[in-house]
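Residue-level listing of the chains:
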Amino acid sequence: MTPEQVLAIQPKILKQSQREAYFRDGFILVERAISDDWIRKLRAATDELVERSRKVTRSDPVFDLEPAHRPDAPRLRRVSNPVEQHPVFWDYCLHSVMADIVADLVGPDVKFHHSKLNFKWANGGEEVKWHYDISFYPHTNYSPLTVGTYLYDCGMEQGPLACLPGSHNIEPMLSQYNAQGQWTGSLSDADVAKLDLSKMRYLPGPAGSLTIHNCRTLHYSARNDSDLGRPLLLNAMSSADAFPYTVNPIKPKHDQYILRGKRAQFAHHDPRPCLIPPDWSKGYTSIFSLQQEEEAEIAR
């Protein structure tokens, strides 16, 4: 669906002004959207996964660890596919208001793509450099978005999400390959220098708040040098008429599951081209290892 078609439908949860802001800026923050009961359950499930990580000594398909991770002092960067690691995370996708809010932004037919549980551990949790999401998982249109759920209060000191208003409309899309043709998962320093970062907006918020950014919106988050960690649950969804061009490297069993509405009979194709990532059919680690250049060889 086009933005105009979405806006013509009566919203169920969001105000019309919030929807208009999303399409204008490429992102919104919805404060305290999620109930305390859901947040308690999500926190408990997250704690269980952190406990499991104590037995892991090196990053694997589920746990992406900081180099300083130890059994007595866990330091996670990500849990991949949390919807398959604990039932609460999938219940949250199915039964919370989150998918209803997404329907107000992509149309009534909402499709699941993947989930991640990102951490910025206290005292040095790593930054995420400026990047687009859509060039990690290109689709036939640009309806995909990512919803971040703050499980705890997130202030400026914890490195909240920062977005650049209007960057979802930059044409042509900027590259996430370097000058040698290697995939880096982030913009080059030269391209970042051309952006007007004075317009950048940070999205701190209390527990239960949602950050929602479009797949073409440039975003970033700083290191967390505070004494408080910042887990952020991320769910990527799209309109049902958006279809991926490439394999889902996380390979979730719920990929393409219809969370709201019905399956599309026709694909909607946006005429604007989309940057294609490397071939990840044999797997993928994380944006952290790519951007921190921990791979033995940066993806080609």
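Up top is the structure.
Everything quoted here is computed from the prediction, not taken from an experiment.

Draft legend 1. Structural context of the overall build of the protein. What the protein contains, in helices and strands, is seven helices and twelve strands. Against the 2.2 N^0.38 benchmark of 19 Å for 300 residues, the protein shows a C-alpha radius of gyration of 18 Å, consistent with a compact globule. Dimensions of the protein along its principal axes, counting C-alpha atoms only, are 55 × 50 × 40 Å. Across the 300 residues that make up the protein, the buried fraction comes to 57%.

Draft legend 2. Molecular detail of the nonpolar core. Grouped together as the largest cluster of nonpolar side chains are 44 residues, with contacts concentrated most on Ile-212 and Leu-259. It is helix α5 (residues 98-106) that contributes the most residues to this core, seven residues altogether. Those residues within four positions of Ile-212 in sequence are excluded, and the remaining contacts are Tyr-22, Gly-26, Phe-27, Ile-28, Val-30, Ile-101, Leu-105, Leu-145, Thr-146 and Val-147. Core analysis: the next-biggest nonpolar cluster, separate from the first, contains 16 residues, Tyr-142, Met-200, Cys-215 and Tyr-220 among them.

Draft legend 3. Highlighting helix α3 (residues 36-53). Under the 1.5 Å per step criterion, the end-to-end length of α3 is 26 Å for 18 residues, consistent within 8% with the ideal 26 Å. Within the sequence span of α3, burial applies to Trp-38, Ile-39, Leu-42, Ala-45, Thr-46, Leu-49, Val-50 and Ser-53. Down the axis of α3, the buried side of the element spans an arc of 145°, and every buried residue falls inside it. What points out from α3, more than 90 degrees from its buried face, is the exposed set Asp-36 and Arg-40. Lining the buried residues of α3 we find β2 (63-65), β3 (76-80), α4 (87-95), β4 (110-120), β6 (145-150) and β11 (230-239).

Draft legend 4. Molecular detail of the packing of aromatic side chains. The final tally for this structure, using the stated rule, is ten aromatic pairs. Plain terms: the ring middles of Trp-90 and Phe-112 are 5.2 Å apart, the flat faces sit at 80° to each other, and that makes the pair edge-to-face. Here Phe-112 lies in strand β4 and Trp-90 lies in helix α4, a separation of 22 residues in the sequence. An aromatic cluster is defined as three or more aromatic residues linked by ring pairs; in this entry it consists of Phe-136, Tyr-177, Trp-183 and Trp-280. For the cation-ring pair, Lys-41 lies above Trp-38, with the distance from its terminal atom to the ring centre recorded as 4.0 Å.

Draft legend 5. Here's a closer look at the side chain of Lys-120. Looking at the secondary structure, you find Lys-120 in strand β4. A polar side-chain atom of Lys-120 sits 3.0 Å from the main-chain carbonyl oxygen of Ala-222.

Draft legend 6. Representation of the pairing of β11. With respect to burial, β11 is a largely interior element, ten of its ten residues being buried. As defined by bridge partners, β4 adjoins β11 across ten bridges and the pair is classed as antiparallel. Residue pairing for β11: Leu-117 is matched across the bridge by Leu-233. By the bridge criterion, six bridges tie β6 to β11 in an arrangement that is antiparallel.

Draft legend 7. Inspection of the pairing of strand β9 (residues 210-214) at higher detail. Counting buried positions over the five residues of β9 gives five, a clear majority of the element. Both faces of β9 are covered, namely the face carrying Leu-210, Ile-212 and Asn-214 and the face carrying Thr-211 and His-213. Taken together, the four bridges between strand β1 (residues 27-30) and β9 define a ladder with antiparallel strand orientation. By the bridge assignment, Val-30 is partnered in β9 with Leu-210. With five bridges joining them, β6 and β9 adopt antiparallel strand pairing. Looking at the pairing, Thr-146 lines up with His-213 of β9.

Draft legend 8. Just the sheet that holds strand β8 (residues 201-202), in detail. Strand order across the open sheet formed by four strands is β5-β10-β7-β8, with antiparallel pairing between neighbours. Each of the sheet's edge strands pairs with one partner strand only, and the pair in question is β5 (128-131) and β8. Relative to β8, strand β7 (residues 161-163) runs antiparallel, the two sharing two bridges. Bridge pairing links Ala-162 to Tyr-202 in β8.

Draft legend 9. Geometry of the packing of α3 against α4. Running from N to C, α3 and α4 cross one another at 150°; their axes reach a closest spacing of 9 Å. Of the possible angle classes, the one that applies to α3 and α4 is roughly antiparallel. As for how α3 packs across α4, the hand of that crossing is left-handed. Contacts between α3 and α4 involve Trp-38, Lys-41, Leu-42, Ala-45, Thr-46 and Leu-49 from the former and Val-88, Phe-89, Asp-91, Tyr-92 and His-95 from the latter. Its residues assigned to classes, the contact of α3 with α4 comprises seven nonpolar, two polar and two charged.

Rules used in this analysis
- Residues numbered from 1 in each chain as written.
- Predicted model: local features only at pLDDT ≥ 70, side-chain atom pairs only at ≥ 80, totals over all residues.
- Heavy atoms only, no water.
- Helix = DSSP H or I, 4+ residues; strand = E, 2+ residues; numbered from the N terminus.
- Rg over C-alpha atoms; globule rule 2.2 N^0.38 Å.
- Buried < 20%, exposed > 50% of the residue type's maximum accessible area, 1.4 Å probe, protein only.
- Core = buried A, V, L, I, M, F, W, Y, C linked by side-chain atoms within 4.5 Å.
- Contact = heavy atoms within 4.5 Å.
- Expected span 1.5 Å × (residues − 1).
- Arc of directions from axis to C-beta.
- Phe/Tyr/Trp six-rings, centres within 6.5 Å; stacked < 30°, edge-to-face > 60°.
- Lys NZ or Arg CZ within 6 Å of the ring centre and 35° of its normal.
- Polar contact = N/O pair within 3.5 Å; in protein donor to acceptor, adjacent residues only side chain to side chain.
- Pairing = 2+ DSSP bridges.
- Axes fitted to C-alpha atoms, helices over the stretch in contact; angles between N-to-C directions.
- Parallel < 35°, antiparallel > 145°, perpendicular 65-115°, else oblique.
- Left-handed = near helix turned anticlockwise from the far one by under 90°.
- Nonpolar A, V, L, I, M, F, W, Y, C, P; charged D, E, K, R; others polar.

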